[in-house]
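Structural characterization, general
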Amino acid sequence: MFSPTQGDTKMRSIKVLSFLILGFSIVWTGTTGAKDLTSKEEVEKLLSGNTVELQDVIWNKSATWYLKKNGRLKKQDEYGNRGKGEWYVDDQGRLCTVWKHRKLRCRVLVTREDGGYDVYEREYQKNELKWVFKRILPGNPHDL
């Protein structure tokens, strides 16, 4: 049996532990909350004239894109295959791309804790992760 003092100590410990868990969960939620980039200007500044090293989630392939300031896009996958397309950012801040033989798609960039971005297709009531932008490098260091 517990004495009244032991019961009070145990109750105090439970309260302190509950307070710590609540405080930690508030801090954790505040620091890990992913944020959609919705500003056209913010996304253009991030991507225009820069290189993106990415992972295609669907095909499980790495690729590199160079997004020229004039709206042209050059890409190369991990096997050396190259391609060209066009890109722009719409008024909702979505990255829009069009490739040869593919229709226009606009996707949302979501910040990641590691400094990268997840890219989701949210059209047609989907919320499907398409690409992971691992790094965005200034300029065209891969000479695409």
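Note: the structure precedes this text.
Summary of the structure given here. (Residues numbered from 1 in each chain as written. Predicted model: local features only at pLDDT ≥ 70, side-chain atom pairs only at ≥ 80, totals over all residues. Heavy atoms only, no water.)

**What about the nonpolar core?**
Counting 19 residues, the largest nonpolar core has L47, W65, L67, L95, L109 and F133 as its most contacted members. If you list the elements that add at least two residues to this core, you get α2 (40-47), β1 (50-56), β2 (61-67), β4 (82-89), β5 (95-99), β7 (117-121) and β8 (128-138). Setting aside residues no more than four positions away along its own chain, F133 makes contact with L47, V52, E53, L54, W65, L95, L109, G116, Y117 and V119. (Core = buried A, V, L, I, M, F, W, Y, C linked by side-chain atoms within 4.5 Å. Buried < 20%, exposed > 50% of the residue type's maximum accessible area, 1.4 Å probe, protein only. Helix = DSSP H or I, 4+ residues; strand = E, 2+ residues; numbered from the N terminus. Contact = heavy atoms within 4.5 Å.)

**Focus: the state of the cysteines**
As used here, a disulfide is simply a covalent bond connecting the sulfur atoms of two cysteines. This structure, assessed with the given rule, holds one disulfide. Linked covalently through their sulfurs, C96 and C106 form a disulfide whose S-S length is 2.0 Å. A torsion of 110 degrees about the S-S bond marks the disulfide between C96 and C106 as right-handed. Of this pair, C96 sits in strand β5 while C106 is found in strand β6 (residues 105-111), placing the two residues ten residues apart along the sequence. (Disulfide = S-S within 2.5 Å.)

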